[in-house]
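# Structural description and commentary
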There are 2 protein chains.
Amino acid sequence: MKSNQITIKDIARELDISPSTVSRALKDHPDISPKTKKQVRELAEKLNYQPNSIALSLRSSKTNTIGVVIPQIEHFFFSTVISGIEDVAYAAGYSVIVAQSNESYEREVMDTQALFNNRVDGILVSMSRETTDYKHLESLHTRGIPMVFYDRVCDSINCSKVVVDDFDGSYQATKHLIEQGYKRIAHLAGPYSLTMFRQRLEGYKKALEDHGLPIDENLILQENASNDETLAKELTKELMAMKNRPDAIFANTDIAALGAMITIKEYGLKIPGDIGIVGFSNWRFTALTEPTITTVSQPGFEMGQEAAHLLIREIEAKKDQVIEPETKILKTELVVRKSSVLK
Amino acid sequence: MKSNQITIKDIARELDISPSTVSRALKDHPDISPKTKKQVRELAEKLNYQPNSIALSLRSSKTNTIGVVIPQIEHFFFSTVISGIEDVAYAAGYSVIVAQSNESYEREVMDTQALFNNRVDGILVSMSRETTDYKHLESLHTRGIPMVFYDRVCDSINCSKVVVDDFDGSYQATKHLIEQGYKRIAHLAGPYSLTMFRQRLEGYKKALEDHGLPIDENLILQENASNDETLAKELTKELMAMKNRPDAIFANTDIAALGAMITIKEYGLKIPGDIGIVGFSNWRFTALTEPTITTVSQPGFEMGQEAAHLLIREIEAKKDQVIEPETKILKTELVVRKSSVLK
DNA sequence: ATGAAAGCGCTAACAG
DNA sequence: CTGTTAGCGCTTTCAT
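Per-chain numbering applies: the sequence of each chain, read as written, is numbered from 1 onward. Following the order in which they are written, the chains are lettered starting with A and the ligands numbered starting with 1. In keeping with the predicted nature of the model, local features appear solely for residues at pLDDT of at least 70, side-chain atom pairs appear and are counted solely at 80 or more, and the whole-chain, interface and lining totals rest on all residues. Hydrogen atoms and water are omitted, and side-chain values are computed over all heavy atoms in the structure.

Labelled according to an unreviewed UniProt entry, chain A appears under the name LacI family transcriptional regulator, originating from Fulvivirga imtechensis AK7.

Our focus in this paragraph is the relation of the copies chain A and chain B. Mapping between the two copies of the chain is achieved by a rotation about an axis and a shift along the axis. Here the copies were fitted onto each other by least squares, based on C-alpha atoms from residues at pLDDT of at least 70 in both. Mapping chain A onto chain B leaves a residual RMSD of 0.1 Å; the transformation is a rotation of 180 degrees accompanied by 0.0 Å of translation along its axis. Between the two chains, the operation in question is that of a two-fold axis. For chain A, the minimum C-alpha distance to the rotation axis belongs to I97 of chain A and amounts to 2.3 Å. Two residues qualify as a contact provided that any one of their heavy atoms is within 4.5 Å of a heavy atom in the partner residue. The fraction of interface residues of chain A whose copies in chain B are also interface residues reaches 100%, indicating that both copies meet through the same surface.

Below, the discussion takes up the sheet that holds strand β10 (residues 293-297) of chain A. All names here are of chain A. Strand pairing is assigned whenever DSSP identifies at least 2 bridges connecting the two strands. Elements are defined by DSSP. Helices are runs of H or I of four residues or more, strands are runs of E of two residues or more, and each kind is numbered from the N terminus. What the 6 strands build is an open sheet, ordered β7-β6-β8-β9-β10-β12; its pairing is mixed. Only two strands of the sheet have a single neighbouring strand rather than two, namely β7 (220-222) and β12 (333-335). Mean inter-strand twist for the sheet, computed between neighbouring axes without regard to direction, equals 15 degrees. Here β10 pairs with β12 via 3 bridges, running antiparallel. Bridged to S297 within β12 is E333. Packing against the sheet, helix α9 (residues 195-210) makes contact with β6 (185-189), β7 and β9 (276-280), and its axis sits at approximately 170 degrees to β6. Helix α11 (residues 254-266) rests against β6, β8 (248-251), β9 and β10 of the sheet, and its axis sits at about 160 degrees to β9. Structural elements are reduced to axes, namely lines fitted to C-alpha atoms, with helices fitted over the stretch in contact, and the angle between N-to-C directions of any two is expressed from 0 to 180 degrees.

The next thing to look at is the sheet that holds strand β12 (residues 333-335) of chain B. Residues and elements named next belong to chain B. Strand order in the open sheet made by the 6 strands is β7-β6-β8-β9-β10-β12, with mixed pairing throughout. Only two strands of the sheet have a single partner each, and these edge strands are β7 (220-222) and β12. Averaged over all neighbouring strand pairs, the angle between strand axes comes to 15 degrees, with direction disregarded. Pairing analysis gives 4 bridges linking strand β6 (residues 185-189) to strand β8 (residues 248-251), with the strands arranged parallel. Within the sheet, the bridge partner assigned to H187 lies in β8 and is F250. Together, β6, β8, β9 (276-280) and β10 (293-297) form the strand contacts of helix α11 (residues 254-266), whose direction differs from that of β9 by roughly 160 degrees.

This part is about the protein's contact with DNA strand D. The immediate surroundings of DNA strand D are formed by 24 residues, with S20, T21 and R59 of chain A together with I8 and Y49 of chain B found nearest. Think of it this way: one heavy atom of a residue within 4 Å of a molecule or strand is enough to make that residue near it. In the interface set of DNA strand D, defined as its atoms within 4 Å of the protein, sugar plus phosphate atoms amount to 62%. In protein, a polar contact means a hydrogen-donor-capable atom and an acceptor-capable atom, both N or O and within 3.5 Å, with residues adjacent in sequence counting only if both atoms are side-chain atoms; elsewhere, any N or O pair within 3.5 Å suffices. In this structure, a phosphate oxygen belonging to DNA strand D sits 2.6 Å away from a side-chain N or O atom of T21 of chain A. The backbone of N52 of chain B places a nitrogen or oxygen atom 3.3 Å from a phosphate oxygen of DNA strand D. If you list the elements that add at least two residues to the surface near DNA strand D, you get α2 (19-26) and α4 (53-60) of chain A together with α1 (8-15), α2 (19-26) and α4 (53-60) of chain B. Residues were grouped as follows: Ala, Val, Leu, Ile, Met, Phe, Trp, Tyr, Cys and Pro as nonpolar; Asp, Glu, Lys and Arg as charged; and all remaining residues, including Gly, as polar. Of the residues contributing to the surface near DNA strand D, the split by class is 8 nonpolar, 9 polar and 7 charged.

For our purposes a nonpolar core is just a set of buried Ala, Val, Leu, Ile, Met, Phe, Trp, Tyr and Cys residues, chained together by side-chain atoms within 4.5 Å. The rule is simple: take the accessible area with a 1.4 Å probe, protein chains only, and divide by the maximum for that residue type; under 20% is buried, over 50% is exposed, in between is partly exposed. Counting residues in hydrophobic clusters, the biggest one holds 53 residues, and the most contacted among them are I66, L124 and Y150 of chain A together with I66, L124 and Y150 of chain B. Leave out the neighbours within four places in its chain, and L124 of chain B touches I66, G67, V68, V69, I85, V148, Y150, A307, A308 and L311 of chain B. If you look at the next biggest cluster of nonpolar residues, it comprises 44 residues, including I97, L137, I145 and F197 of chain A.

A separate point is the protein's contact with DNA strand C. Around DNA strand C sit 24 residues in total, of which I8, S23 and Y49 of chain A together with T21 and R24 of chain B are the nearest. Among the atoms of DNA strand C close to the protein, meaning within 4 Å, 67% are from sugar or phosphate groups. A distance of 2.9 Å separates a phosphate oxygen of DNA strand C from a polar atom in the backbone of S18 of chain B. Contact between DNA strand C and S33 of chain B: a phosphate oxygen at 3.0 Å from a main-chain N or O atom of the residue. Of all the elements in the fold, those that place two or more residues in the surface near DNA strand C are α1 (8-15), α2 and α4 of chain A together with α2 and α4 of chain B. Tallied by class, residues from the surface near DNA strand C come to 8 nonpolar, 9 polar and 7 charged.

Here we take up the pattern of salt bridges. Residue and element names in this part refer to chain A. What counts as a salt bridge is simple: a side-chain nitrogen of Lys or Arg found within 4 Å of a carboxyl oxygen of Asp or Glu. Taken as a whole, this structure holds 38 salt bridges over all chains when the rule is applied. Between K331 and D168 there is a salt bridge; the shortest N-O distance is 3.7 Å. Placement of the pair is K331 in the loop between β11 (327-330) and β12 and D168 in helix α8 (residues 166-179), with a sequence separation of 163 residues. A single network of salt bridges, built from pairs that share partners, joins D28, K37 and R41.

Inspection of the secondary structure puts T195 of chain A in helix α9. Setting aside anything within four residues of it in sequence, one finds T195 of chain A in contact with V153 and D155 of chain A.

Take the interface of chain A and chain B next. Listed per partner, the contact involves 54 residues of chain A and 55 residues of chain B. Across the chain A to chain B interface the summed buried area is about 5,100 Å²; carbon plus sulfur atoms make up 51%. For the salt bridge of R107 of chain B with E86 of chain A, the shortest nitrogen-to-oxygen distance reads 3.8 Å. For the pair chain A and chain B, the number of links is 16 residue pairs in polar contact (both at pLDDT 80 or more). Take the accessible area each of two parts loses on contact, using a 1.4 Å probe, and add the two losses: that sum is the buried area.

Residues and elements named next belong to chain A. Contact pair α1 / helix α3 (residues 34-47): the axes reach a minimum separation of 10 Å and the direction vectors enclose 125 degrees. Between α1 and α3, the angle falls in the class oblique. Where α1 crosses over α3, the handedness of that crossing is right-handed. Two secondary-structure elements touch here, α1 through I11, E14 and L15 and α3 through Q39, V40, L43, A44 and L47. Grouping the constituent residues of the contact of α1 with α3 by class yields 6 nonpolar, 1 polar and 1 charged. Just so you know how the angles are binned, under 35 degrees is roughly parallel, over 145 roughly antiparallel, 65 to 115 roughly perpendicular, and the rest oblique. Put simply, a crossing is left-handed when the front helix is turned counterclockwise from the back one by less than a right angle, and right-handed when it is turned clockwise.

A word on the packing of aromatic side chains. Aromatic pairing here means that ring centres of Phe, Tyr or Trp (its six-membered ring) are within 6.5 Å. Orientation follows from the plane angle: under 30 degrees is stacked, over 60 is edge-to-face, and everything else is tilted. Counted under the stated rule, the structure contains 6 aromatic pairs over all chains. Their ring planes at 20 degrees and their centres at 6.5 Å tell us that F167 of chain A and Y171 of chain A sit as a pair that is stacked. Note that F167 of chain A and Y171 of chain A are positioned in helix α8 at a spacing of 4 residues, about one turn of the helix. A centroid spacing of 6.2 Å and a plane angle of 65 degrees characterise the contact between Y204 of chain B and F250 of chain B, whose relative ring orientation is edge-to-face. One end of the pair, Y204 of chain B, is in helix α9 (residues 195-210); the other, F250 of chain B, is in strand β8, and 46 residues separate them in sequence. Among the residues examined, Y204 of chain B registers a relative accessible area of 1% and is labelled buried. By the criterion adopted, a ring carries a charge over it if an Arg CZ or a Lys NZ lies within 6 Å of its centre and within 35 degrees of its normal. A cation sits over an aromatic face here: R107 of chain A above Y90 of chain B, 4.0 Å from the ring centre.

Written as structure tokens, this is what we have:
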């Protein structure tokens, strides 16, 4: 098929020297005479010789490819992460293979396996919302595949991780609501199987505590494994139907924030004012014209860069060298629009 | 490094047969005795043998990988396309390598070259906004690399393409504005080097014509190669500053629509009503609470699926078989929110 | 029904 | 300084 590709042999034949000499000349090996080097380089240039990366991979058992398992590409945050990964990987000479789990555990297992079979040099993982069993990841890690988690990390595996400071972000967001005068703040939680969601709950609780507000477990609703607008709307309705209804909502995802916002407007309530909303997310909410929602913005691009960097560092470490797992914690940014500061 | 991976040789040694027999047994070759097959399969299973895909690639000069050149992953539309590509590719046993041009011509050239060097079996391309020279793509196509364009296609290369019916979408959107009573509709155009933007302009003009409205070239502003909010805002200001200012805006991108919307609100004008806006885009505008903008929604996921399908069909065609290039035209959907229908 | 050998493209030890 | 040889893991004639 692509048999028309120039190989080292072609150059050797043309110049009537051996393939090894060509190979050496091309890598500027000191043994080769300047004259030969020049000839080889010029011919290679002329024929537009491109080394066959597959042959290289087979020999070196290195593919210069990193695999990325991502829950949902369409999510603005995650696409931003990919962008960051690409940025660093590309600069370091690596290709990026993307596998999307679509928040499905089963799919995640298949993806990691497929990436491994594709002989990626290392793997970047953010777990699906469904994942509670870590065998598929543990087995890869045990086999020595360089692995770095980002955002949705697995606590029980001892490798490098890049996370957002969820506790702090959640604390700041809650504090912001309190400072705006809200007193009964509901929390639309995510699945507790993911550390980040537990930490956000903790940050929320701590902020209430520090400001002398009670923690009302009735105001803490979980949206479980799913992440859909409909559910968020239902939960919001539940909250609005309470006798002593909340005056603010802390949403753990953009979808949840959106669902809450829509529902509350249907009740004819004003945001902010009647109800305050903080959304832990970072899609384009921040750019909206009606910036009723304060957003905890997550540094996706930096997260991708950092994760790729840690992974490549590990991949390229000498065999005998021990790399200490490292956990990077990135700060969030609270994006407050002027119009949302009032009550 | 990964020398602990089981190979065919290991199985052969263990069973005291030759590697070729193992290979054949694994592929259920009719020559091999049932007994041997059983032994081999069981041992392979037990040792968790996984064929080395690189060795396979080297032999077959097929990588089962497709390369995707995409302008901007973060853009909702494009991330949706990737999702569609992944969906089909994965099901057909292909991996997906993503390269992001970031709307840069230079980067696009490097990306296509890098993908080619990575020996992808085929390539899916959507051109950057900057691209006006097609040599890098033509050369790949000439060399016989299966190639399919999606969304931002290159007219001068004769291969399969998947596009949105931009003319029709634009026509419908403009018609919609006209039917709402708007009469002076501005057009924020994209770079005419990309066919889609030219077609959208045509659709817009045709709709005006069909409804007996004049085409005012002063109302057609181009935002050139860039796609930033600031520029869109400036152009909108220009429009608003006109003595005989437009009463509606047709924006070619989400960013442009957003910029226009913000600017117009700054002027204290109501949308819709004072000014109507139609955005040719499909990010989450459609989900907003204040759905002032009518959106021409593009079928990203289907586009990805379709493109991947066409490409894989071509990749897997027999060497002698001639595949006729095919162009798929997907329909857009006009998403009209109730509140935007009034004037 | 099975094995031996060659080769995909490249590199690196080992000879000169 | 350069060539010969072997081998990465796999498949596939060609023998037997």
